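Read off the chains here:
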Amino acid sequence: MANPHHARRTPTRWLRIGIPAVLVLVWLVVGSVGGPYFGKVDEVSSNDRSSFLPESADATQVNERLPEFLGDDSIPAVVVVTGDGDLTEEQLADVQTLADDIAELDGVLDGVSPPIVSEDGEAAQIFAPVDASGEVAEIVDEIRALVVEDLASPLEGWVTGPAGFTADLVAGFLGIDGLLLAVALIAVFVILIIVYRSPLLPVLVLLTSVFALCVALLTVWWLAYAGIFVLNGQVQGILFILVIGAATDYALLYVARFREAIADGEKRWDATLRAWRGSFEPILASGGTVIAGLLCLLLSDLATNRALGPIASIGIAFSVLSALTFLPALLALFGRTAFWPFIPTQPIPTIPDDLTQPVKGLWPRQARFVAQHARAVWIVCTVVLLVGAVGITQLKADGVPSSDLVLGESEARDGQAVLAEHFPAGSGSPAYVIVPEADLAGTVEILEASDGIESAAVASEDSPTGQAAVEVEDGEPVFTAVGPPGTPAPEPTVSEGDVLVIGTLTDAADSVAAEETVRELRTDLDEALGAGTAIVGGETATDIDSNDTSIRDRTVIIPVILLVILLILMLLLRSILAPVLLIATVILSFATSLGVAALVFDGIFAFPGADPAVPLYGFVFLVALGVDYNIFLMSRVREESVPHGTRPGILRGLVATGGVITSAGLVLAATFAALGVIPILFLAQIAFIVAFGVLLDTFVVRSLLVPALSYDIGRAIWWPSKLWRQGVETRADAAPGRAAEDEPANVAEDGHPLTREEYRRTLES
């Protein structure tokens, strides 16, 4: 009997070699063009405060208008100097020399203050306006170098303030180009070597990931260069990790299908076609699901969140494209040689229809265990996950001080602590209030009445310091002249009828007390002057608006993501019940991950809290990527259920995908864990949440909970699809754990075992 599977028309040898060769060449060329852009990311990325601001917040509006009152767009650096007691005249002269040298630096704008001595006489501070449009980190490094050169022992100095914290943040991201990528790739390579025991196949898989990243970075670079969206270190690091992890996952799925075909004796071209047909739908559906979830971030009002959505989506799109074109072309050229020295010759392990028969292999044993104890397995798993989720009540995700964003050493953080010992802790990071000139007196009275405001001033271009102290006498503002007796009092700078009031905070700008002060100011100003008359900005207001916006974002975006992914799963599985149950397991897994993370962050790492965006990012990645494994598993289960029945199909799907899902989960967890090498609190927390959550998904949810729950429900899992109404009815479907009967034979007339495609054709005929 002729085998219809092998009787189909086969392309000529030139096409079988030429098509893969052309695809490989195209990827090599485009990837080679994109590779050098790893060294150019700094040209289009920014880690300053402007890239994190909410676009519609009061703080953003104030920040945009500050140059109207203060002149050039600047970010203040605060240099604080102490000795071993009261500062002497000689030491103050050295501090003055330091101030003069700082004023001469390129990138430091006019208006460097003279040394301001503290009331206790033990410290002095210098305010240096740094050009915000320049390389802030490099300028701060030059100021720090001058501090070391100009100050002799026992004098010691620190550079802090907004510019100092920006420089420390930039330094924290320095390893994102080389170290992060190297750690991620090495981790993935080691895992692939262990999984495949082949020196060549891991290289081919990594080439798929690296070239996907090169092309994605090339695209993102030009879009950022055109100003279409903001690119900063946080988004850049997530892009690198996401592409490496996702592209490798998709590649593993294709390799698993290709290996099956090779083990069944298929030739290179036939194996390529069979693997491509078997992996195209789940890879495309998985990538589409992740992209849909990421694009929901466009609903955010934070610039970084809005940028991450399309940037990461571009990375996922090229990951899918690479896994469906570049990798198939490579394997079509190398064929079974790619698996050397352990070339597959035996089909993947299967589970017999009669579950009382002995089985070999880890996944057949696990499948039988799930079948024999389905209800107990999913109930126990659910209870354990619910217990872990209780820890979510301990999660403190309402914001962290900017001084704690950098893990490890931070000169700006140390300097702020010294500053708070001798000066108002908010020095250098005041609260800015823009009000109509007619409301200046009322605004000053409100600031003076606040316990959290040390002093008030107005921006004045007439003053040598750029601001003038202001008080209210008989209901009118009175300005203090700076200079010798007889110097005329300066006038406030007026722009579009508004003036800028500057309030020095008593507490550190990133403290809870400072946030309470700013919130109270906003409330009092609205009540006294009318809502929206005065707008409050500054570093503290920026933190407040960012945190409030993040909390709003996660409240709005998380339900939208769930709905989008649910609809995609319904379309893919052509069912309602199965997608609802899968989404429920994803939510439970996420809650457990967040609960365990909260306990670890608080009890082991002693983190000061978490940014409000951490749960949102964790949800986006865990849910979108976790659904990947649902799609890998359930699309195979549906495929196996068509000829074999639902319950046997579930077991066969678990056996067929167990290895690839486990490998993919380990790879993805390792890549996200690599984010932990970057000493930034936000990335470290995301690294733990996602890595732990992926492992939980891999070894508990996809391997035990979902198969057991689906097996216990049986054919009804496909409700209300055609498969539920007309699916193959087997004894296993009617009574779990028993052998199937009345199924078509799985051998051909000539005695050779039918491949899956031959079996399907037998059913159709």
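Everything here concerns the structure above.
Here's what I pulled together on the structure shown here.

Thresholds, definitions, all that
- Residues numbered from 1 in each chain as written.
- Predicted model: local features only at pLDDT ≥ 70, side-chain atom pairs only at ≥ 80, totals over all residues.
- Heavy atoms only, no water.
- Helix = DSSP H or I, 4+ residues; strand = E, 2+ residues; numbered from the N terminus.
- Buried < 20%, exposed > 50% of the residue type's maximum accessible area, 1.4 Å probe, protein only.
- Contact = heavy atoms within 4.5 Å.
- Areas by Shrake-Rupley, 256 points an atom, 1.4 Å probe, with all protein chains shown as cover.
- Pairing = 2+ DSSP bridges.
- Axes fitted to C-alpha atoms, helices over the stretch in contact; angles between N-to-C directions.
- Parallel < 35°, antiparallel > 145°, perpendicular 65-115°, else oblique.
- Left-handed = near helix turned anticlockwise from the far one by under 90°.
- Expected span 1.5 Å × (residues − 1).
- Bend = angle between axes of the 7 residues up to and from the residue.
- Patch = residues over 30% accessible without salt bridge, like charges linked within 9 Å, V, L, I, M, F, W, Y side chains within 5 Å.
- Salt bridge = Lys/Arg side-chain N within 4 Å of Asp/Glu carboxyl O.
- Nonpolar A, V, L, I, M, F, W, Y, C, P; charged D, E, K, R; others polar.

Within the chain, the regular secondary structure consists of 24 helices and 10 strands. Of all 765 residues assigned to the chain, the portion counted as buried reaches 56%. Sequence separation of at least 24 residues holds for 80% of the intrachain contacts in the chain that already meet a minimum separation of 6. Split by element, the accessible area of the chain, about 30,800 Å² in all, is 59% carbon and sulfur.

Another aspect to go through is the sheet that holds strand β10 (residues 535-538). The strand order β8-β7-β6-β9-β5-β10 describes an open sheet built from six strands, whose pairing is antiparallel. Edge positions in the open sheet fall to β8 (476-479) and β10, since each of these has one partner strand only. Ignoring strand direction, the axes of neighbouring strands in this sheet form an average angle of 40°. Relative to β10, strand β5 (residues 431-436) is paired through four bridges, and the arrangement is antiparallel. When the sheet's bridge partners are listed, Y432 is paired in β10 with G537. On top of the sheet, helix α15 (residues 440-449) reaches β5, β6 (453-459), β7 (467-473), β8 and β9 (498-505); it is set at about 90° to β7, its chief contact.

As a further point, take the packing of helix α9 (residues 233-263) against helix α20 (residues 646-673). Viewed as axis vectors pointing N to C, α9 and α20 meet at an angle of 165°, and their least axial separation amounts to 9 Å. It follows that α9 is roughly antiparallel to α20 by the angle criterion. Read as a crossing pair, α9 and α20 show a hand that is right-handed. Counted together, I241, L242, I244, G245, A246, T248, D249, L252, L253 and A256 of α9 and V660, S663, A664, V667, L668, T671 and F672 of α20 form the full contact between these two elements.

Another point: the environment of L239. Structurally, L239 can be placed in helix α9. According to the relative accessible area criterion, L239 is buried, its value standing at 2%. Separated by 69 residues in the primary sequence, L239 and L308 place their C-alpha atoms 8.1 Å from one another. Ignoring anything within four residues of it in the chain, the contact list for L239 reads L213, V220, I311, A312 and G315.

Before going further, it helps to examine helix α10 (residues 268-295). The terminal C-alpha atoms of α10 lie 38 Å apart, and with 28 residues this matches the ideal 40 Å at 1.5 Å per residue to within 8%. At S279, α10 is bent by approximately 40°, the largest bend along its length, and proline P282 sits one to four residues beyond.

The subject of this paragraph is the pairing of strand β4 (residues 156-160). Counting buried residues in β4 gives four out of five residues, a clear majority hidden from the surface. In terms of strand pairing, strand β1 (residues 74-82) meets β4 through five bridges, oriented antiparallel. Opposite T82, over in β4, you have E156 as the bridge partner.

We now examine a nonpolar patch on the surface. A contiguous nonpolar surface patch, about 490 Å² in accessible area, is contributed by V22, L25, V26, V29, V30 and V33. With respect to the element layout, L25 can be found in helix α2 (residues 13-34). For L25, a relative accessible area of 52% corresponds to the exposed category.

Moving on to the packing of helix α8 (residues 201-225) against helix α11 (residues 303-334). Interhelical geometry of α8 versus α11 gives an angle of 145° and a closest axis separation of 8 Å. Note on packing geometry: the crossing formed by α8 with α11 is right-handed. Along the contact surface, α8 presents L201, L204, L207, T208, F211, A212, V215, A216, T219, V220 and L223, while α11 presents I311, I314, G315, F318, S319, S322, A323, F326, L327, L330, L331 and F334. Residues that form the contact of α8 with α11 fall into these classes: 18 nonpolar, five polar and no charged.

Attention now goes to the sheet that holds strand β3 (residues 123-131). Read from one edge to the other, the open sheet built from four strands follows the order β2-β3-β1-β4, with strand pairing classed as antiparallel. The open sheet has two edge strands with one neighbour each: β2 (116-117) and β4. The sheet contacts of helix α6 (residues 161-172) involve β1, β3 and β4, and relative to β1 the element is tilted by about 95°. Docked against the sheet, helix α14 (residues 411-422) engages β1, β3 and β4, running at close to 110° with respect to β4.

Further remarks concern the pairing of β9. Counting buried positions along β9 yields seven of eight residues, so the element is predominantly enclosed. Sheet topology places β5 next to β9; six bridges connect them, and they run antiparallel. Each residue of the ladder has a partner; that of V435, found in β9, is V499. Here β6 pairs with β9 via five bridges, running antiparallel. Paired with A456 across the strands is G503, a residue of β9.

Counted according to the given criterion, the structure contains 16 salt bridges. Note that R65 and E68 form a salt bridge whose closest N and O atoms lie 3.2 Å from each other. In this pair, R65 and E68 both sit in helix α3 (residues 58-70), three residues apart, roughly one turn of the helix. On the accessibility criterion, R65 (15% relative accessible area) is buried. On the basis of relative accessible area, E68 is assigned to the partly exposed category, the value being 33%. With a shortest N-O distance of 3.2 Å, D697 and R702 are connected by a salt bridge. Comparing D697 with R702, the two get one shared label, buried. It is possible to trace a salt-bridge network through shared partners that takes in R65, E68, E496 and D498.

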